[in-house]
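# Understanding the architecture of this molecule
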Amino acid sequence: MTDPTPEPSPDAEGQNASQIPPALAGPSAEGLPPGVDPQEILKAISGVNLETIDADIESAFGAKMAELDKMLAGLDDLVNKIESDIQNLDQPKPDGPQ
């Protein structure tokens, strides 16, 4: 029987390599999915304003810190209430009328 799978010709790799766009053939394209142009990525991120990102992070951080401060204040109130309840339990009860 003959094998139905044809063997690739020795120059097939050379033919396929010539079909790869130059932007993807270089070392800068390593790790990128096929069809992604590194130059397009650089263009997309060049419009990113780091000051805006920093301000957004600071705003989110400030909001979370304010939320944490409210939670800690509530916890302090709870601790004070529990301590007060414990002190009330420790005090001797006054004797009733005799």
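Everything that follows concerns the structure shown earlier in this document.
Residues numbered from 1 in each chain as written. Predicted model: local features only at pLDDT ≥ 70, side-chain atom pairs only at ≥ 80, totals over all residues. Heavy atoms only, no water.

## Observations regarding the overall build of the protein chain
A count of helical and extended segments in the protein chain gives 4 helices and 0 strands. When the helices and strands of the protein chain are placed in sequence order, the string is α-α-α-α. Looking at the protein chain as a whole, 3% of its 98 residues qualify as buried. Of the roughly 9100 Å² that the protein chain leaves accessible, carbon and sulfur atoms contribute 60%. (Helix = DSSP H or I, 4+ residues; strand = E, 2+ residues; numbered from the N terminus. Buried < 20%, exposed > 50% of the residue type's maximum accessible area, 1.4 Å probe, protein only. Areas by Shrake-Rupley, 256 points an atom, 1.4 Å probe, with all protein chains shown as cover.)

## Focus on a negative patch on the surface
On the surface, a cluster of negative charge is made up of Glu51, Asp54, Asp56 and Glu58. Looking at where glutamate 58 falls in the secondary structure, it is placed in helix 4 (residues 50-90). (Patch = residues over 30% accessible without salt bridge, like charges linked within 9 Å, V, L, I, M, F, W, Y side chains within 5 Å. Salt bridge = Lys/Arg side-chain N within 4 Å of Asp/Glu carboxyl O. Lys, Arg positive; Asp, Glu negative; His and termini not counted. Charge placed at Lys NZ, Arg CZ, Asp CG, Glu CD.)

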